[in-house]
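Now for the letters of each chain:
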Amino acid sequence: NQILVSIVPVSASCPCPGGATLEGYIERTSSASVTDRYMAAKALRRSPSDAAAGVLLQLMNDDKEDIYVRVEAGAALALRGHPEGKAFLGSLLDGAHASYRLEAVIVLGEVPTPDAADLLRRTLSKADEHPDVRAAAAWSLGEIGLRENIDALVDSFGALEPEIRIEAARALAKLAREFRGTVVASFPA
């Protein structure tokens, strides 16, 4: 029954000694380490470079590459507006592996685009989809934060599985921060 108290210094910046370059991240995409390749794909997401886009496309299309690296590369391309990224993630959502569908849905939550939201709404509306995948789609729609996601989230309250309704409620709560009137107006539905 003792209390331990500590004061932690808070800093708004994290000084970095430097050294991280576009070329370094591109080089890491061919590392033997899956972690390095994954990290590189995630870092290259923010680079406007055509060289980065080319490397991401190679990673995504490599059937021998780890699926998590491929999904991250696909998301990076989708975020840049490359149709190949959206098509790849869409193909995963239509695929046989529930774990791949789940990963694609979670990563799409980091791609705040109308195309990503369309894929997620389609997944959420599939009554025969695994409940965990549908729940993750509801969560991701909340992360994207578009008004167009509200109706799909409200419709998902018809699902029998509580995890879908719980994530839809959380997503609606998040969307209500920006679209309060629209969310409140949807309550009768």
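Preceding this paragraph is the structure being described.
Quantities reported herein were computed from a predicted structural model and do not represent experimental measurements. (Residues numbered from 1 in each chain as written. Predicted model: local features only at pLDDT ≥ 70, side-chain atom pairs only at ≥ 80, totals over all residues. Heavy atoms only, no water.)

Draft legend 1. Structural detail: helix H10 (residues 162–185). Helix length check: H10, at 24 residues, gives a terminal C-alpha distance of 23 Å against a target of 34 Å (1.5 Å per residue), a shortfall beyond 12%. Along its length, H10 reaches its greatest deviation from straightness, about 125°, at Phe 179. Elements in contact with the buried residues of H10: helix H7 (114–124), helix H8 (131–144) and helix H9 (150–155). (Helix = DSSP H or I, 4+ residues; strand = E, 2+ residues; numbered from the N terminus. Expected span 1.5 Å × (residues − 1). Bend = angle between axes of the 7 residues up to and from the residue. Contact = heavy atoms within 4.5 Å.)

Draft legend 2. Structural view of the environment of Ala 75. Along the chain, the position of Ala 75 falls in helix H4 (residues 67–79). Taking the C-alpha atoms as reference points, Ala 75 and Leu 57, separated by 18 residues in sequence, lie 11 Å from one another. Sequence-distant contacts of Ala 75, defined by excluding residues within four places in its chain, comprise Arg 45, Leu 89, Val 107 and Val 111.

Draft legend 3. Local environment of the nonpolar core. Ranked by size, the top nonpolar core spans 50 residues in total, and within it Leu 89, Leu 124 and Leu 153 carry the most contacts. Apart from residues lying up to four places away in sequence, Leu 89 is in contact with Val 71, Gly 74, Ala 75, Ala 78, Ala 104 and Leu 108. (Core = buried A, V, L, I, M, F, W, Y, C linked by side-chain atoms within 4.5 Å. Buried < 20%, exposed > 50% of the residue type's maximum accessible area, 1.4 Å probe, protein only.)

Draft legend 4. Spatial organisation of the side chain of Arg 70. With respect to the element layout, Arg 70 can be found in helix H4. Reaching out from Arg 70, the side chain makes a polar contact with the backbone oxygen of Asp 62 at a distance of 3.2 Å. Filtering out sequence-adjacent residues up to four positions away, Arg 70 remains in contact with Leu 59, Met 60, Asn 61, Asp 62, Asp 63, Glu 65 and Phe 88. (Polar contact = N/O pair within 3.5 Å; in protein donor to acceptor, adjacent residues only side chain to side chain.)

Draft legend 5. Expanded view of the pattern of salt bridges. Throughout the structure, instances matching the rule amount to 13 salt bridges. Among the salt bridges present, the one from Lys 126 reaches Asp 94, with a minimum N-O distance of 3.2 Å. With Lys 126 in the loop between H7 and H8 and Asp 94 in the loop between helix H5 (83–93) and helix H6 (98–108), this residue pair connects regions lying 32 residues apart in the sequence. Residue classification places Lys 126 among the partly exposed residues on the basis of a relative accessible area of 23%. Of the charged contacts in the structure, one is a salt bridge between Glu 143 and Lys 174, with a shortest N-O distance of 2.4 Å. Taken together, the residues Glu 143 in helix H8 and Lys 174 in helix H10 connect sequence positions 31 residues apart. One network of salt bridges, in which partners are shared, links Lys 42, Arg 45, Glu 72 and Glu 110. (Salt bridge = Lys/Arg side-chain N within 4 Å of Asp/Glu carboxyl O.)

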